[in-house]
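Descriptive analysis of the structure
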Amino acid sequence: MTSQQVLLFGIVGKNEPLYEAEFNKLPGSTTVDSITRQNYFVLHSALDLVEKAAWATNNMYLKVVDKVNQQQVSTFLTAGNIKFMLLHSGRSEDSIRNFFIDVYEVYVKLAMNPFYQYDKPITSKAFDTKVRAAARRYLS
Amino acid sequence: HRFLQNQQEIKNKIEIMSKHGATQSGNALWAKMPKANAELFALTYGALVAELIRDYDDPVKINEQLDRIGHSIGVRCVDEFLAKADALLSLSPSCATLRETAEVIAKIGFKMFLGVTADVVNVSADGKAFSLYLYENPLTTFVELPSSDECEAANSCDLSHLQYSSVYCGIIRGALEQVNMRVECRFVRDVLQGDEVNEIRVELKEILSDGAGDDYKEE
């Protein structure tokens, strides 16, 4: 099985990544280190393009901002300028949009927690569980 | 016309009083109170607690501060409660037993100010203590206490002894103090810390005598 099936989801704040998760990893298989690093590299190098795309449209959902080899990076920009980014190899835009909207809801609820500060790494396990559930619902 | 209006009012009052007292009264008063946005309320309190945590290191001190804040609120709340309850219901004479007081707090007080009801349970044999079970807590709508491993990553903040809703204890203590009952009030179980229900234990310590305080003692 190729790593094509693995999706990398990252939340990036102003200075640093706040949250990362891989979805659809086949149980028992470990992604080769170089592939993982490459995935991270592709995802984060798309940040400049996200900024560019953000000025072009009014929407929060920025669709695909970058294409590298077979992989595409889709982005969702929150109202607080936090970037949700998904590295994938071709999913329907609608399912990705629904996934982002679900994650946005969970993110907003997290942001309302007085113990969570804006633009800090997200360590809540409840958040992690909900994001993975959303991924299973829309992206598998 | 005025006469008919009065008649109608009296009929309403009798109706309300004749149905089982506390719950109905609570609902009636809740309907008349001005409402605030629940999210704003929860967020304001959350910001207050977060700020206290930044100021103090010791969770016990934080609980004490919240209790003091609650005390200030309580002494003012009880006046509003008595004024409004009297106006609407021509409230029956004061409670004869602690149990009645507990029912009034749980069904009318909590309902009127917060919109949630509490249950009175575990009234002690001598009638000097009771517990309140709170199933819904509007203060903790979005709150999730950071787990201990998250805390170690940040700075040392042991929140396992923090009673987030200590303010309720202070409110009860302050309110009862104004009606001459000195109580001790503490949070026994907290949903935020993992229990199934919020439990507040209230114990009557002494009945205070009426008086205007030492400053006004006649010489």
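Refer to the structure presented above.
The sections below set out a description of the structure shown in this document. (Residues numbered from 1 in each chain as written. Chains lettered and ligands numbered in written order. Predicted model: local features only at pLDDT ≥ 70, side-chain atom pairs only at ≥ 80, totals over all residues. Heavy atoms only, no water.)

1. A few points about the overall build of chain A
Secondary structure assignment for chain A yields four helices and five strands. Mapped from its N terminus to its C terminus, chain A presents α and β elements in the order β-β-α-α-β-β-β-α-α. For 140 residues, the compact-globule estimate of 2.2 N^0.38 gives 14 Å, and the C-alpha radius of gyration of chain A, at 14 Å, lies within 12% of that figure. Once the C-alpha set of chain A is aligned to its principal axes, its extents read approximately 40 × 35 × 30 Å. Residues classed as buried in chain A amount to 44% of the 140 residues present. Within chain A, residue pairs in contact and separated by at least 24 positions form 56% of the contacts whose partners lie at least 6 positions apart. Taken as a whole, chain A presents about 7,600 Å² of accessible surface, with 52% of it coming from carbon and sulfur. Counting 16 positive and 13 negative side-chain charges, chain A places the centres of these two groups 4 Å from one another. (Helix = DSSP H or I, 4+ residues; strand = E, 2+ residues; numbered from the N terminus. Rg over C-alpha atoms; globule rule 2.2 N^0.38 Å. Buried < 20%, exposed > 50% of the residue type's maximum accessible area, 1.4 Å probe, protein only. Contact = heavy atoms within 4.5 Å. Areas by Shrake-Rupley, 256 points an atom, 1.4 Å probe, with all protein chains shown as cover. Lys, Arg positive; Asp, Glu negative; His and termini not counted. Charge placed at Lys NZ, Arg CZ, Asp CG, Glu CD.)

2. Quick look at helix α5 (residues 98-114) of chain B
Because each turn of an α-helix spans 3.6 residues, side chains separated by three or four positions in sequence point in the same direction. All names here are of chain B. The largest bend in α5 amounts to roughly 30° and is located at Ile105. Of all 17 residues in α5, 12 are buried; the element is thus mostly enclosed. Those residues of α5 not exposed but buried are Leu98, Thr101, Ala102, Ile105, Ala106, Lys107, Ile108, Gly109, Phe110, Lys111, Met112 and Leu114. Following α5 by one or two positions, Gly115 adopts a phi angle in the positive range, close to 80°. (Bend = angle between axes of the 7 residues up to and from the residue.)

3. Things to note about the sheet that holds strand β1 (residues 7-12) of chain A
All names here are of chain A. Strand order in the open sheet formed by five strands is β2-β1-β5-β4-β3, and the pairing between neighbours is antiparallel. Two strands lie at the open edges of the sheet, namely β2 (17-23) and β3 (61-68), each paired on one side alone. The average undirected angle you get between the axes of adjacent strands in this sheet is 20°. Here β3 pairs with strand β4 (residues 71-77) via five bridges, running antiparallel. If you follow Asp66 over to β4, its bridge partner there is Val73. Set on the sheet, helix α3 (residues 93-111) makes contact with β1, β2, β3, β4 and β5 (83-88); between it and β5 the angle comes to about 145°. Across the face of the sheet, helix α4 (residues 125-139) comes into contact with β1, β2 and β5 while running at roughly 45° to β2. (Pairing = 2+ DSSP bridges. Axes fitted to C-alpha atoms, helices over the stretch in contact; angles between N-to-C directions.)

4. Topic: the pattern of salt bridges
Applying the stated rule across the entire model yields 13 salt bridges over all chains. Notably, a salt bridge pairs Asp94 of chain A with Arg97 of chain A, separated by 2.9 Å at the nearest N-O pair. Of this pair, Asp94 of chain A and Arg97 of chain A are both found in helix α3, three residues apart, which corresponds to roughly one turn of the helix. Arg132 of chain A serves as the salt-bridge partner of Asp128 of chain A, at 3.4 Å between the closest nitrogen and oxygen. Placement of both Asp128 of chain A and Arg132 of chain A in helix α4 is noted, with a separation of four residues, approximately one turn of the helix. Look at the salt bridges and you will find they share partners, linking Arg186, Glu203 and Lys205 of chain B into a network. (Salt bridge = Lys/Arg side-chain N within 4 Å of Asp/Glu carboxyl O.)

5. Thoughts on unusual backbone geometry
Of note in the backbone geometry, Asn81 of chain A takes a positive phi value of approximately 70° without being a glycine. For Asn81 of chain A, the position within the fold is in the loop between β4 and β5. Overall, Asn81 of chain A belongs to the partly exposed group, its relative accessible area being 39%. Of note in the backbone geometry, Asn180 of chain B takes a positive phi value of approximately 70° without being a glycine.

6. What about the side chain of Ser74 of chain A?
All names here are of chain A. Of note, Ser74 is situated in strand β4. A relative accessible area of 1% places Ser74 in the buried class. Here His88 takes part through its side chain, which lies 2.8 Å from a polar atom of the side chain of Ser74. (Polar contact = N/O pair within 3.5 Å; in protein donor to acceptor, adjacent residues only side chain to side chain.)

Everything listed is a geometric property; what it means functionally is a separate question.
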